Amino acid sequence: MNVEGIKAIYFNEMRRTRNTLLQSIVSPVLSTALYFVVFGGAIGSRIQSVEGVDYGLFIVPGLMMLSLLTQSISNASFGIFFPKFTGTIYEVMSAPMSFFEVIVGYVGAAATKSLIIGTIILITAAFFVDLRIAHPVWMVAFLVLTCIAFSLFGFIIGLWADNFEKLQLIPLIVITPLVFLGGSFYSIDMLPEFWQKVTLFNPVVYLISGFRWSFFEVADVPVGLSLAMIAGFLVLCLGIVWWMFKTGYKLRS
Amino acid sequence: MNPTSEPIIRVRGLGKRYANGFTALSNVDLDIKEGEILALLGPNGAGKTTLISTICGLVEPTSGSVTVGGHDIHKNFREARSLIGLVPQELAIAPFDVVANTVRLSRGLFGLARNDVYIEELLGRLSLGDKMGNIMQQLSGGMKRRVLIAKALAHEPRILFLDEPTAGVDVELRKDMWAIVEQLRADGVTIILTTHYIEEAEEIADRVGVIAKGRIIAIDDKVNLMSRFGRKQLTIELRDPCDSVPATLEPFSLERSSDGRRLVYSYDTRADRTGITSLLQALNSAGLQLKDLSTTQSSLEDIFVDMVASDNDGAVE
Ligand SMILES: Nc1ncnc2c1ncn2[C@@H]1O[C@H](COP(=O)(O)OP(=O)(O)O)[C@@H](O)[C@H]1O
Ligand SMILES: [Mg+2]
């Protein structure tokens, strides 16, 4: 096991984050604050509460998930895409590192960054609402699993993409709609019955529902199902990555 | 180095066919001796980069095997790769990385603990001492190449690959590069460089391998290769121009310059009898008066062109 190699990739990626501190940290804080002003303030003044939870509070888990998913994907995909783009990936590929170790370095760094952003959003939220977390351990578990699973997914996208358009494509046309339609800002009970059924095909619903349960013990779907979905997604990503490793996908000709 | 010792790199029956069906290497056998400087000489597209990339683990071979320091590059990829440093042909750099950090990264990737003393010394040796804190983007092309060399040496490898190290490099860096290579050789590092400049191979290498169309068509000590393929030309300047080559001189197949003032005789330096003595006698009896004599040896360039040409003939048949 090349621990020094994993550390080298991990800390190099984390340094990149430090160098772009402003965009990495300030922007989620700012957008979270804006969401609170617009959704919590403007809409919250009309909706009051959802399933007994104050609306401003209700949107916190969804807001966090929204950022976690998009940040995990964009960080991880960019993290591996950029060295592919500049050609510096040759060094990683010729180093005495297994593909698994390379992934731990890149995905670990992207997931860490997402975790930090999630925490910052949580702290920001505490300034706007009276935060309470019913199951802190489950909350952290959901947080960590989501960061890892979607960073892995981002890694896959970054490997697959051979230009900047493709890099943006999946997050833009798949992830963002799924997240917005995944119940970030509402309970799916609030939708017409037909759309409630359709929504159940959206995996992000399970993610947000489970995460919200860890805060308020209210959920759209059983929490076990939420956990199974995210575990399933993680396994799927691991499977794809394993296949990429076997075939040297886009890295070795 | 002990000539009977195991080669540090052993390539056997190596073949590479790219996904598009193009065969870039066919059945390459190559032994690289520890501590030598080997130049791989060949025109663009010959397969030099593919060969190097395969040994370094960047390209997956379709057939054959490679061992580095006795370690198979697949089964024992960690041991094999740990021995190798690679300076790629393309100037691949992360534009926003700080020089010292990017060199530290390289060392870490190869599994070694951080060692700032060594990194500082290394950068100093490459005249990058005052550039440690700069970001890559701010460096000139030559400086970037130096950083790439530093990255390749960051883990103190026993083997260094330099893929076209002097392509687009100014005279000063070229000189520095050879000084570095000499220093590394003195430290016992094995160096493999590719080039399509003959003079470069001639200047620096101990052995030269000529590669064309994915095959190594000749490999030998530089001196042997020169004399093996080297033909010398004897140019005879005549006091008075001649209209045609006298019939008695026909066996020597001389070339006559258009003004008739010069005759050129080609001969093989390896041959026991070069035929020079009898030629001079024949010239004398033909009544031709000599003004001057000079010889030139064909450079690797001529040799190379000859070999590739004959290789092409073979392919056409
Ligand atoms: N990834 C690739 N896919 C298909 N053909 C390739 C690839 N890489 C190189 N080639 C082809 O293989 C041949 C050898 O290339 P290369 O090893 O780069 O030659 P050299 O380094 O001697 O110039 C060239 O004809 C090149 O076009
Ligand atoms: Mg090349």
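(A) Quick look at unusual backbone geometry. All names here are of chain B. Despite not being glycine, Asn27 has its phi angle at roughly 50°, a positive value. Along the chain, Asn27 falls in strand E2 (residues 23-32). Here the phi dihedral of Glu164 falls at roughly 50°; this positive angle occurs in a residue that is not glycine. Mapped onto the elements of the fold, Glu164 is located in the loop between strand E7 (159-163) and helix H6 (171-186). A relative accessible area of 6% places Glu164 in the buried class.

(B) Quick peek at the environment of Leu148(B). With respect to the helices and strands, the residue Leu148(B) is situated in helix H5 (residues 141-153). When the C-alpha positions of Leu148(B) and Glu90(B) are compared, they lie 10.0 Å apart, and in sequence the two are 58 residues distant. In this structure Leu148(B) touches Tyr90(A), Val87(B), Pro88(B), Glu90(B), Leu91(B), Ala92(B) and Ile93(B), once residues within four positions along its chain are discounted.

(C) Spotlight on the interface of chain B and chain A. Taken together, the contact pairs 30 residues of chain B with 25 residues of chain A. At the boundary of chain B with chain A, total buried surface from both sides reaches about 2,300 Å², with 57% on carbon and sulfur atoms. Interface area lost by chain B to chain A is led by Leu58(B), Arg78(B) and Leu109(B), which between them contribute 28%. There are 2 salt bridges connecting chain B and chain A. Connecting chain B to chain A are 8 residue pairs in polar contact (both at pLDDT 80 or more). Among the secondary structure elements, those contributing two or more residues to the side of chain B that touches chain A are helix H2 (77-82), helix H3 (99-109) and H5 of chain B. Of the residues forming the side of chain B that touches chain A, the biggest block, 5 residues, is contributed by H3(B). When grouped by side-chain class, the residues that make up the side of chain B that touches chain A number 18 nonpolar, 6 polar and 6 charged.

(D) Molecular detail of the domain arrangement of chain B. The assigned domain composition of chain B is domain 1 (9-83 + 158-227) and domain 2 (231-297). Placing a centre on the C-alpha atoms of domain 1 of chain B and another on those of domain 2 of chain B gives a separation of 41 Å.

(E) Expanded view of the site of ligand 1. Residue and element names in this part refer to chain B. Close to ligand 1 lie Tyr18, Asn20, Phe22, Ala24, Pro43, Asn44, Gly45, Ala46, Gly47, Lys48, Thr49 and Thr50. A distance of 3.4 Å separates a nitrogen atom of ligand 1 from a polar atom in the side chain of Tyr18. Note that an oxygen atom of ligand 1 is positioned 2.9 Å from one of the backbone N or O atoms of Gly47. Taken by itself ligand 1 offers 570 Å² of open surface, and the protein chains cover 67% of this. Residue contributions to the shell around ligand 1 peak at 3 residues, all from helix H1 (residues 48-56). When the residues that make up the shell around ligand 1 are grouped by side-chain class, the tally is 5 nonpolar, 6 polar and 1 charged.

(F) Examining the packing of helix H9 (residues 203-216) of chain A against helix H10 (residues 223-247) of chain A more closely. All names here are of chain A. The geometry of H9 relative to H10 is characterised by a closest axis approach of 8 Å and an angle of 125° between their N-to-C directions. Considering the angle they form, H9 stands oblique to H10. The two elements H9 and H10 meet at a crossing, and its hand is left-handed. For the pair H9 and H10, contact is made by Pro203, Tyr206, Leu207, Ser209, Gly210 and Trp213 and by Val223, Leu225, Ser226, Met229 and Ile230, respectively. Here the contact of H9 with H10 is built from residues that sort into 8 nonpolar, 3 polar and no charged.

The rules behind each value
Residue indices begin from 1 for each chain and proceed along its sequence in written order. All chains are assigned letters beginning with A, and all ligands numbers beginning with 1, in the order in which they are written. Selection of residues for local features in this predicted model requires a pLDDT of at least 70, selection of side-chain atom pairs for listing and counting requires 80 or more, and totals for whole chains, interfaces and linings are taken over all residues. Calculated side-chain values reflect all of the structure's heavy atoms, with hydrogen atoms and water omitted. Here a strand is any run of E in DSSP of at least two residues, a helix any run of H or I of at least four, and the numbering for each starts at the N terminus. The rule is simple: take the accessible area with a 1.4 Å probe, protein chains only, and divide by the maximum for that residue type; under 20% is buried, over 50% is exposed, in between is partly exposed. Residue contacts are counted whenever heavy atoms from the two residues lie within 4.5 Å of one another. The quantity reported as buried area is the accessible area (1.4 Å probe) lost by two parts once they are put together, taken as the sum for both. We count a salt bridge whenever a side-chain nitrogen from Lys or Arg sits within 4 Å of a carboxyl oxygen from Asp or Glu. The term polar contact refers here to a pair of N or O atoms within 3.5 Å; inside protein, the definition further demands a hydrogen-donor-capable atom paired with an acceptor-capable atom, and it admits residues adjacent in sequence only when both atoms are side-chain atoms. For this classification, the nonpolar set comprises Ala, Val, Leu, Ile, Met, Phe, Trp, Tyr, Cys and Pro, the charged set comprises Asp, Glu, Lys and Arg, and every other residue, Gly included, is treated as polar. Bear in mind that the domain bounds are from an automatic or database domain assignment. Proximity is defined per residue: any heavy atom of the residue falling within 4 Å of a molecule or strand makes that residue near it. Calculation of accessible area relied on Shrake-Rupley with a 1.4 Å probe; when residues are assessed, cover is drawn exclusively from the protein chains displayed. Under this scheme, a helix contributes an axis fitted over its contacting stretch, all axes are lines through C-alpha atoms, and angles between N-to-C directions fall in the 0 to 180 degree range. When an angle is under 35 degrees it counts as roughly parallel; over 145 it counts as roughly antiparallel; between 65 and 115 it counts as roughly perpendicular; any other value is oblique. Crossing handedness follows the turn of the near helix against the far one: under a right angle anticlockwise gives a left-handed crossing, and clockwise gives a right-handed one.

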